[in-house]
Amino acid sequence: MAEGKKDTWKSIKTGFARTTQKVLTKVGQAEETKNQQYVDELAKTEQLYTSLKRVHENATKYLELLRSQSVEQNEAAQDILALYDANTPEYLMAMRQLEISADIDKQRILLDQHIRQFFTGPLGEYIPQFKDIKERAKIMESRKIDMDRYYREYSGLLSKPNSDKSRLSHMEAKYNAMKEGYYGLESEMMQDMPRLQQDCSVLLTPFIAAFVKATALYNTNISETYNASFSSFAHIKPEQYAHHRKPITPQDSSEAYHNYRSSFGGAPGLLASPSSLHSSPPPSSSSSTSSSSSSTRPGSVYGGGYQNSNYGEPSAPVISGTIPIESAKPMPVFTTTPPPSHHHDHHDHPPTSSTATTTTGLYPTIDTTKIVDVFSSDPSQNYQTPLHVPPTTTTPYPTSLKAKAIYDFAGEDEGEVPFKKGDIIVIHNTD
């Protein structure tokens, strides 16, 4: 225990003495031994060490990423295979994709083995030499500081005529010993650092060549694997399905968004679509019909609903029964009879007798229960036309309607008419 305390105290004294020497050197109160050629060689060696470590780390990460990619690709192929029934053409194509994933993983394993054997492995064994040089440079720095402080103390004793000779002799011996250790290590370092830099420049080329060749072979082999199976998928044109029409009922037409809660003032059977809940302002007055000044969002299925930030908790009813038709002149007079509602619960008001309503103006009033969305929020459902509304005996149904497109539609087959946003479309037939 006594020896341990003695060594600790000695280390503290040495550390304090070295710190004092650094401070005195920095403020110009002590001389510093410096070899600029050594400083330059050490800087080049340390920069090369940093670069080699990054190359080794990135090559290792590259192999790990390829492994992770192979695992994900294999899992995706298995998931795709599970989508199809066995003994179908699609199942066989998915099975082929799973086989391709397995073949690619075999090529990846060969790449991994080759790179580890001829690149990352040898490079990983070579790099520690640079780390050793860095540790020796730290030892040399400590020796330089000790040598300089011993010289400072020795010079101070020499300057005093009555100095203790034994102490002077002891300090001279310490200085000479540290001087020998410092310059001996400096000479060794000045030989090793240029030698290591030159050797690295020669050896690094084969290392990189091994990496490039292995990577090129891997890419060639997986390309051949894909090309061999391309014929199985050549007849499929994915671009034709990029904008595939959705098969389910559009959201704005779905029965799920009808609101049958009439206790809040809404009419039974009135649709409250998700888009109209936040876009249709409340009407200025209560009415069963809407005029041409209605700000109903084009594309809402029935043109109205309940406006509230929290869906399912209506505040004020917004009743609108128009479709957005733009015309150069007022449309003919319409007379329509609303059908009786078939959806009532114990909170609904009993159905009232039907009465005919006649409205003139730019936007005709039409039975909202017979209307399908003209401009749907789903682009694939655009250019739908209103369902046929049976004309009354007094006024015939107009032979054509005009509508303004709010989406671009390229048309998916020869029977569909393409149009662009803002085009005015004349609808001649609504059947």
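The model shown is predicted, which means the values in this text are computed figures rather than measured ones.

> Go over the overall build of the protein, please, and point to the residues and values.
Within the protein, the secondary structure is distributed over 6 helices and 8 strands. When the helices and strands of the protein are listed from N to C terminus, the series reads α-α-α-α-α-β-β-α-β-β-β-β-β-β. Across the 431 residues that make up the protein, the buried fraction comes to 31%. If you take every contact in the protein between residues at least 6 apart in sequence, the share linking residues at least 24 apart comes to 72%. When the accessible area of the protein is evaluated, it comes to approximately 27100 Å², of which 55% is carbon and sulfur surface.

> Outline helix α2 (residues 36–81), supporting the account with residue identities and numerical values.
Relative to the 68 Å expected for 46 residues at 1.5 Å per residue, α2 spans 68 Å between its end C-alpha atoms, a close match to the ideal helical length. Residue Asn35 occupies the N-cap position of α2, its side-chain oxygen lying 3.1 Å from the main-chain nitrogen of Gln37.

> Explain helix α5 (residues 165–229) residue by residue, including any values.
Its 65 residues give α5 an end-to-end C-alpha distance of 93 Å, which sits within 8% of 96 Å, the value for a rise of 1.5 Å per residue. Of all the bends in α5, the greatest reaches close to 30° and is centred on Leu203; the proline Pro206 follows between one and four positions later.

> How would you summarise the confidence of the model for the protein if you had to cite specific residues and measurements?
Scored by pLDDT, the protein has a mean of 74; 65% of the residues are at 70 or more. For the protein, the element scoring lowest by mean pLDDT is strand β3 (residues 305–307), at 37; α2 scores highest, at 95. Low confidence marks residues 266–273, where pLDDT is under 50. Its contacts with residues over four positions away, or in another chain, come to 38 contacts. Confidence over residues 275–397 falls short of pLDDT 50; this stretch has 224 contacts with residues more than four positions distant or in other chains.

> Any chance you could break down the packing of aromatic side chains for me, citing the residues and the numbers?
Tallied over the full model, the rule gives 8 aromatic pairs. Here the aromatic rings of Tyr49 and Phe130 are separated by 6.3 Å at their centres, their planes lie at 5°, and the arrangement is stacked. Placement of the pair is Tyr49 in helix α2 and Phe130 in helix α4 (residues 128–158), with a sequence separation of 81 residues. For the pair formed by Tyr49 and Phe130, the shared burial category is buried. Consider the rings of Tyr154 and Tyr175, whose centres lie 6.4 Å apart with planes at 10°: the pair is stacked. In this pair, Tyr154 sits in helix α4 while Tyr175 sits in helix α5, placing the two residues 21 residues apart along the sequence. Each of the two residues, Tyr154 as well as Tyr175, counts as buried. Here the aromatic residues Tyr49, Tyr126 and Phe130 are joined through ring pairs into a cluster of three or more.

> Describe the pattern of salt bridges, and please don't skip the residues or the numbers.
In total, this model carries 14 salt bridges according to the counting rule given. The closest approach of N and O atoms between Asp146 and Arg18, which form a salt bridge, is 2.7 Å. You can see Asp146 sitting in helix α4 and its partner Arg18 sitting in helix α1 (residues 2–26), a full 128 residues away along the chain. For Arg18, a relative accessible area of 27% gives the class partly exposed. Notably, a salt bridge pairs Glu41 with Lys44, separated by 3.5 Å at the nearest N-O pair.

> I'd like a description of the packing of α4 against α5, backed by residues and values.
Direction vectors running N to C along α4 and α5 enclose 155°, while the axes themselves pass 8 Å from each other. It follows that α4 is roughly antiparallel to α5 by the angle criterion. For the element pair α4 and α5, the recorded crossing hand is left-handed. Across the contact of α4 with α5, the residue classes tally to 22 nonpolar, 2 polar and 12 charged.

> A description of unusual backbone geometry should follow, citing residues and the corresponding values.
Backbone geometry at Asn87 places phi at a positive 70°, although glycine is not the residue there. Counting through the fold element by element, Asn87 comes out in the loop between α2 and α3 (89–126). Judged by relative accessible area, which is 77%, Asn87 ranks as exposed.

> Explain the environment of Asp103 to me, using residue names and the numbers behind them.
As for its placement among the helices and strands, Asp103 is situated in helix α3. Since its relative accessible area comes to 28%, Asp103 is described here as partly exposed. Distance in space between the C-alpha atoms of Asp103 and Asn221 is 9.4 Å, their sequence separation being 118 residues. Non-local contacts of Asp103, meaning those with residues more than four positions away in its chain, are made with Arg96 and Thr225.

> So what's going on with the pairing of strand β7 (residues 401–404)? Which residues, and what values?
Burial along β7 is one-sided: Leu401 and Ala403 are buried, while Lys402 and Lys404, pointing the other way, are not. Pairing analysis gives 4 bridges linking β7 to strand β8 (residues 424–427), with the strands arranged antiparallel. Paired with Leu401 across the two strands is Ile427, which belongs to β8.

Calculation criteria
- Residues numbered from 1 in each chain as written.
- Predicted model: local features only at pLDDT ≥ 70, side-chain atom pairs only at ≥ 80, totals over all residues.
- Heavy atoms only, no water.
- Helix = DSSP H or I, 4+ residues; strand = E, 2+ residues; numbered from the N terminus.
- Buried < 20%, exposed > 50% of the residue type's maximum accessible area, 1.4 Å probe, protein only.
- Contact = heavy atoms within 4.5 Å.
- Areas by Shrake-Rupley, 256 points an atom, 1.4 Å probe, with all protein chains shown as cover.
- Expected span 1.5 Å × (residues − 1).
- Polar contact = N/O pair within 3.5 Å; in protein donor to acceptor, adjacent residues only side chain to side chain.
- Bend = angle between axes of the 7 residues up to and from the residue.
- pLDDT = per-residue confidence, 0-100.
- Phe/Tyr/Trp six-rings, centres within 6.5 Å; stacked < 30°, edge-to-face > 60°.
- Salt bridge = Lys/Arg side-chain N within 4 Å of Asp/Glu carboxyl O.
- Axes fitted to C-alpha atoms, helices over the stretch in contact; angles between N-to-C directions.
- Parallel < 35°, antiparallel > 145°, perpendicular 65-115°, else oblique.
- Left-handed = near helix turned anticlockwise from the far one by under 90°.
- Nonpolar A, V, L, I, M, F, W, Y, C, P; charged D, E, K, R; others polar.
- Pairing = 2+ DSSP bridges.

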